[in-house]
Amino acid sequence: MLPWFASLALALFSAPAAHGTCITDKAAAAADKIFDYIIVGAGLGGLTVGNKLSGKGFSVLIVEAGPDLSWNPEVFNAEDRVFQSATCNWQYPVLANNGSKLPSTIDSGACIGGSTSINGMVWYRPTKAEVDRLETLGNPGWNWDSISPHMKAIERNHVPDETQIAQGAGVDPAVHGYSGAVNTSFPTPMRIPKAVALYKQALPFAFSGLTVGSDLSNRTSVVSASTSWTIWYDSATGKNRRSSAADALLWSPDQQRDSLTVLANHTVDRILFSKDMTATGVVFGSKSVTKGKMSRVYAKKGVVLSAGTFGSAPILERSGIGNAVALKAAGVKQFLNLPGVGANLNDQPGTSTSALIAEAFRNDTSIVDGRNLFGPQISLINIDEIWGASASIYSNELISPSALRSRAQALVEAGAAANIDGAEAILNTTISLILQSRLPVAELLAESYPSVISAIFWPLMPLSRGHVHINSPDAFAPPAIMPRFLTDEFDQAVAIAVARRTRDLFNAPPFKNVVADAYLDPPISRNGTDEEYLAWLSKTTSGASHWIGTTAMMPKKLGGVVDERLRVYGTKNLRVVDAGILPFQITSHTMSMLYAVASRAASLILADA
Ligand SMILES: Cc1cc2nc3c(=O)[nH]c(=O)nc-3n(C[C@H](O)[C@H](O)[C@H](O)COP(=O)(O)OP(=O)(O)OC[C@H]3O[C@@H](n4cnc5c(N)ncnc54)[C@H](O)[C@@H]3O)c2cc1C
């Protein structure tokens with residue numbers, strides 16, 4: 001039952017005039033009104049769901065904490081963003097394993113478009129094996145056959161032209177969509193083509209058995225290839241434009257919706273529930289616009305949390321849903337015991353090694369440039385390509401039941417898993433993808449900036465886990481994030497081995513004339529010890545920005561937070577649709593998978609409407 005003033009508001013409220021989507025930062029557009037659906041967060045998940053629900057005529061409000069930066073070239077041009085810029089960035093504080101604050105921060109999108117407004121724009125697909133594992137983990141209906149059509153439907157691929165192909169672009173027409181809203185293509189002009197050619201020649205010297213192919217979205221046959229970006233070439237400005245979720249699904253003239261309102265610059269504090277735990281609305285406010293004064297808005301059909309891996313779990317906690325210990329510590333009364341909220345935090349721990357380029361090549365822009373676009377050649381490497389015959393040493397350890405139990409135990413003790421069975425189920429999923437499916441355990445990006453040529457890399461399917469929790473009931477206070485990178489010895493072994501192999505890469509014959517010093521950074525010599533590499537890794541590692549897991553979709557008894565229809569356990573009409581629902585890491589960058597997840601989520605919501 002809605003409160004009387006909300007029912008009155010429903011009677012008084014009329015949809016905005018037929019001029020398309022309303023984007024505003026005026027609280028009055030939402031305060032005390034009623035919409036069919038309220039979505040929290042205008043990032044990848046929120047905009048995808050909002051676009052689909054409003055497209056069916058439902059009235060939808062999206063509340064976004066950050067501003068609308070559609071005017072800002074740092075956001076709409078693919079190459080105008082400064083690395084780690086504060087624009088549209090939460091720059092979340094991050095904690096070391098001992099709880100002390102680290103000097104670094106975590107990048108995460110803080111404006112309309114969410115992280116797609118600031119991300120690296122790399123687009124390629126995950127494998128069938130890992131997507132099918134969602135179902136095996138206890139999520140009926142979540143498999144490659146149900147997900148891949150959504151991946152195809154969201155994409156509008158622009159095939160590379162002859163010049164781009166000559167400079168390293170490759171495309172397999174079967175693994176792209178061509179009529180969706182999110183543009184994917186290669187940049188005009190292409191980046192560092194000679195360096196890419198050298199990488200391709202050198203890779204087999206460092207990773208024996210690695211196949212070099214043409215299109216990374218084809219995950220059946222190739223493990224090193226060129227990748228597409230979520231960009232499109234604007235011939236009017238001569239610039240590559242970022243095809244963010246906002247560019248594709250909100251600002252675009254052909255995506256206008258009279259039934260969609262986006263309230264920018266307002267933070268959602270918590271969810272409102274009726275006695276039977278039906279989500280009836282949210283409490284929101286703004287430090288900058290309303291000086292922290294909080295308002296309420298009501299939903300007739302449901303509330304969807306799409307505030308991202310670091311945003312949705314804290315909203316649940318502020319609403320009294322979560323782990324008893326974390327809620328008590330933050331001074332919030334518990335209404336629903338869901339110990340998985342905020343646990344299982346995961347990202348891929350990334351860093352890079354660099355070689356010094358010989359002076360003669362430093363002005364050659366086909367080898368080295370200062371362009372702000374991610375490395376164009378990506379390699380995905382499995383345990384055989386890293387360790388050869390010695391891979392069995394690692395396989396034997398990974399399949400040992402006692403090792404699995406002690407891994408799971410360690411995660412529970414660290415507060416990074418809700419219970420042993422859940423931790424084992426998640427770890428086992430990743431371990432079987434590593435061992436049985438022989439999926440890649442590391443990603444390596446070819447990169448070069450003035451004077452150095454670099455290999456950016458990260459363990460791709462980490463077993464380490466961390467957590468995120470609120471510190472206080474204050475909606476404007478940042479959460480406490482402890483990633484616990486490289487706390488699992490297997491992740492350490494992968495990172496150390498790949499770091500060493502990248503030195504072999506730069507010492508390989510194809511780089512002979514181009515590289516002046518293969519050991520520039522880190523300054524650890526050919527005979528460097530594991531301890532030296534680990535010390536360097538623990539100082540330099542930060543997330544690849546593919547954060548997942550804190551509102552995991554899996555059975556409740558395993559510590560799951562949402563069920564297979566993305567409903568928060570114990571509630572009615574409250575869903576989570578964002579990166580947080582992925583229980584384990586995938587071996588592609590997250591966007592392709594998450595657009596598909598959000599699109600399928602919208603279908604489920606519509607089916608239940
Ligand atoms: C720097 C960076 C580089 C990346 N590079 C790539 C890449 O190259 N390729 C790739 O595939 N993926 C990449 N990613 C990852 C990808 O962008 C994300 O996985 C994806 O955007 C996550 O979608 P989401 O809906 O979960 O969250 P987001 O897209 O981040 O959206 C969450 C939204 O919720 C808002 N919000 C948070 N809290 C609240 C609140 N309390 N009230 C209201 N609003 C709130 C946020 O401001 C944000 O707009 C990168 C991410 C980053 C940050």
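Residues numbered from 1 in each chain as written. Predicted model: local features only at pLDDT ≥ 70, side-chain atom pairs only at ≥ 80, totals over all residues.

Before going further, it helps to spend a moment on the confidence of the model for the protein chain. When pLDDT is averaged across the protein chain, the result is 94; 97% of the residues are at 70 or more. In the predicted structure, residues 1-17 sits below a pLDDT of 50 and forms 20 contacts with residues beyond four places in sequence or in another chain. (pLDDT = per-residue confidence, 0-100. Contact = placed C-beta atoms within 7 Å.)

Take the UniProt feature "active site" (unreviewed entry) in the protein chain next. Within the UniProt annotation, "active site" (unreviewed entry) is assigned to His546 and His589. Spanning 44 residues, the named residues form one tight spatial group whose C-alpha atoms are at most 6.9 Å apart. The topology assignment puts His546 in the loop between strand E27 (542-543) and strand E28 (574-576). When near neighbours in sequence (up to four residues on either side) are disregarded, His546 contacts Asp347, Gln348, Gln585, His589 and Thr590. Assessed through the 26 C-beta atoms surrounding it within 10 Å, His589 is described here as buried. Ignoring sequence-local partners within four residues, the contact set of His589 consists of Val122, Tyr124 and His546. (UniProt positions renumbered as here; feature names shortened; annotations may be inferred. Helix = DSSP H or I, 4+ residues; strand = E, 2+ residues; numbered from the N terminus. Buried ≥ 20, exposed ≤ 12 C-beta atoms within 10 Å, placed from the backbone.)

Turning our attention to the UniProt feature "domain: Glucose-methanol-choline oxidoreductase N-terminal" (unreviewed entry) in the protein chain. In the UniProt entry, the feature "domain: Glucose-methanol-choline oxidoreductase N-terminal" (unreviewed entry) is given for residues 35-349. Secondary structure content for residues 35-349 is 23% helix and 25% strand, while the C-alpha to C-alpha distance between its ends is 40 Å.

With that settled, consider the site of the ligand. Near the ligand there are 37 residues, and of these Gly41, Gly43, Gly114, Gly120 and Gly311 occur at the shortest range. Counting residues per element, the ones that place at least two in the shell around the ligand are helix H2 (44-55), strand E15 (267-273) and helix H17 (590-608). When the residues that make up the shell around the ligand are grouped by side-chain class, the tally is 15 nonpolar, 19 polar and three charged. (Near = placed C-beta within 6 Å. Nonpolar A, V, L, I, M, F, W, Y, C, P; charged D, E, K, R; others polar.)

On to the domain arrangement of the protein chain, then. The assigned domain composition of the protein chain is domain 1 (4-72 + 247-345 + 550-608) and domain 2 (388-438). Averaged C-alpha coordinates put domain 1 and domain 2 at centres separated by 33 Å. Counting from both sides, the interface comprises eight residues of domain 1 and, opposite them, eleven residues of domain 2. Taken together, the residues that form the side of domain 1 that touches domain 2 break down as five nonpolar, three polar and no charged. (Domains from an automatic or database assignment.)

Following Thr188, the chain continues into Pro189 via a peptide bond in cis, with omega recorded as -10°. With respect to the secondary-structure elements, Pro189 resides in the loop between strand E8 (182-184) and helix H7 (193-206). The residue Asp32 is not glycine, and still its phi comes out positive at about 65°. By secondary structure assignment, the location of Asp32 is in the loop between strand E1 (22-24) and strand E2 (34-40). A count of 19 C-beta atoms within 10 Å places Asp32 in the partly exposed class. Even without being glycine, Cys88 reaches a positive phi, approximately 50°. Among the structural elements, Cys88 can be located in the loop between helix H3 (73-76) and strand E4 (92-95). Taking the C-beta count within 10 Å as the criterion, Cys88 has 24 such neighbours and is therefore assigned buried.

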